[in-house]
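# Structural overview
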Amino acid sequence: MGREKTKVEAQSAIANVEAEKCSKIKVEVEEESSKVQKDLDEALPLVEKAKEALKGLNVKDFQMLKALKSPPKDIENVFFCVLNLLCTVDSSVPVDKNGKLKTENTWKTSLNVMANPANLLSTLEGFKEKIDQEVVPANNFKAIRPNISDANFTPAIIKTKSSCAAGLCDWILNITM
């Protein structure tokens, strides 16, 4: 009888240790779940703002941009970001073997991507789904960090040069936050 009691006490002690571990894990999971929910709650309005930014764009806006032979630097910067975000997502964006943007002339490549404005708009509208499906590499976002940190990279400033580029700038800022 004493031996059985000792076994039960030993097993009980082991069970208590495991229960304590499980309790700690439960707290950690609840904290992480809370953080994830908070991040999601903060991200959803940004995604909606990104969608709204695209709704203001149309095919004619892109056709006006395509008429530019040499756009202002701010517009080219916006398209540099668009191209980088679309690396490996849009087959019309040239990439190297590592999936990074491969172009010597950003504007010329942008014009190729804008060759079919309706297709470009559709690709941008479906970009959030590509992020959710984990099709968009993290490098795409990393490549544009310096550009979106530039003080001139704001829809208000870019709108003075092109409303279309301003809409794209707004989309970029909201989809990357």
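Residues numbered from 1 in each chain as written. Predicted model: local features only at pLDDT ≥ 70, side-chain atom pairs only at ≥ 80, totals over all residues. Heavy atoms only, no water.

## Section: helix α3 (residues 73-86)
Filter applied, for reference: Only runs of H or I of at least four residues qualify as helices and only runs of E of at least two qualify as strands under DSSP, and these elements are numbered from the N terminus. To estimate how far a helix should reach, multiply one less than its number of residues by 1.5 Å. Only protein chains enter the accessibility calculation, which uses a 1.4 Å probe. A residue is then buried if its area is under 20% of the maximum for its type, exposed if over 50%, and partly exposed in between.
With 14 residues, α3 extends 20 Å from end C-alpha to end C-alpha; this agrees with the ideal 20 Å at 1.5 Å per step. For α3, the buried fraction is high: eleven of the 14 residues fall into the buried class. Those residues of α3 that fall on the buried side of the exposure criterion are D74, I75, N77, V78, F79, C81, V82, L83, N84, L85 and L86. T88 sits one or two positions beyond α3 and adopts a positive phi of about 65°.

## Focus: the nonpolar core
Counted only if it meets this: Remark: nonpolar core denotes a set of buried residues (Ala, Val, Leu, Ile, Met, Phe, Trp, Tyr, Cys) joined through side-chain atoms within 4.5 Å. Here, residues are in contact when the closest pair of their heavy atoms is within 4.5 Å.
Judged by nonpolar contacts, the single largest core of 37 residues is most densely connected at F62, F127, F153, L168 and I172. When residues of this core are traced back to their parent elements, those giving at least two are α2 (59-66), α3, α4 (106-113), α5 (117-125) and α10 (163-176). The element that contributes the greatest number of residues to this core is α10, accounting for nine residues. Here F153 is in contact with N77, V78, C81, N147, I148, I158, C169, I172 and L173, once residues within four sequence places are set aside.

## Examining the pattern of salt bridges
Selection rule: Just to be clear on terms, a salt bridge is a Lys or Arg side-chain nitrogen sitting within 4 Å of an Asp or Glu carboxyl oxygen.
All chains considered together, the criterion is met by two salt bridges. Between D74 and K161 there is a salt bridge, with its nearest N and O atoms 3.1 Å apart. Here D74, found in helix α3, pairs with K161, found in the loop between α9 (155-159) and α10; they are 87 residues apart in sequence, far enough to count as distant. For K161, a relative accessible area of 39% gives the class partly exposed. Among the salt bridges present, the one from K128 reaches D132, with a minimum N-O distance of 2.5 Å. Remark: D132 and K128 occur in helix α6 (residues 127-132); sequence separation between them is four residues, near one turn of the helix.

## A short note on the packing of aromatic side chains
We count it as follows: Paired rings are identified among Phe, Tyr and Trp, the last through its six-membered ring, by centres lying within 6.5 Å, and are further divided according to the angle between planes into stacked (under 30 degrees), edge-to-face (over 60) and tilted (the rest).
Taken as a whole and judged by the stated rule, the model has three aromatic pairs. Considering the side-chain rings of F127 and W171, the 5.4 Å spacing of their centres and the 70° angle between planes classify their relative orientation as edge-to-face. Taken together, the residues span a long stretch of sequence, with F127 in helix α6 and W171 in helix α10 at a distance of 44 residues. W171 carries the same exposure label as F127, and that label is buried. Here a set of aromatic residues connected by ring pairs shows up, and it is made of F127, F141 and W171.

## Observations concerning the packing of α2 against α10
As a reminder, the rule being used: Helix axes use the C-alpha atoms of the stretch in contact, all axes being lines fitted to C-alpha atoms, and the angles between their N-to-C directions lie in the range 0 to 180 degrees. Each angle is binned into one of four classes, with values under 35 degrees roughly parallel, values over 145 roughly antiparallel, values of 65 to 115 roughly perpendicular, and all other values oblique. All amino acids are sorted into three groups, where Ala, Val, Leu, Ile, Met, Phe, Trp, Tyr, Cys and Pro are nonpolar, Asp, Glu, Lys and Arg are charged, and the leftover types, Gly among them, are polar.
One can describe the packing of α2 onto α10 by two numbers: an axis separation of 8 Å at closest approach and a directional angle of 115°. Put simply, α2 runs roughly perpendicular to α10. Contacts between α2 and α10 involve D61, F62 and L65 from the first element and S163, C164, A165 and L168 from the second. In terms of residue class, the contact of α2 with α10 is made up of five nonpolar, one polar and one charged.

## Looking at α5
This is how the line gets drawn: Directions pointing from the helix axis toward each C-beta atom define the arc.
Here α5 has its buried residues at P117, L120, L121, T123 and L124. For α5, the angular spread of the buried residues around the axis is 160°, confining them to a single face.

## Focus: unusual backbone geometry
Phi at T88 takes a positive value of approximately 65°, unusual for a residue other than glycine. Owing to a relative accessible area of 40%, T88 belongs among the partly exposed residues under this scheme. Look at E134: it is not a glycine, yet its phi comes out positive at around 60°. With respect to the element layout, E134 can be found in the loop between α6 and α7 (138-142). A relative accessible area of 71% means that E134 is categorised as exposed.

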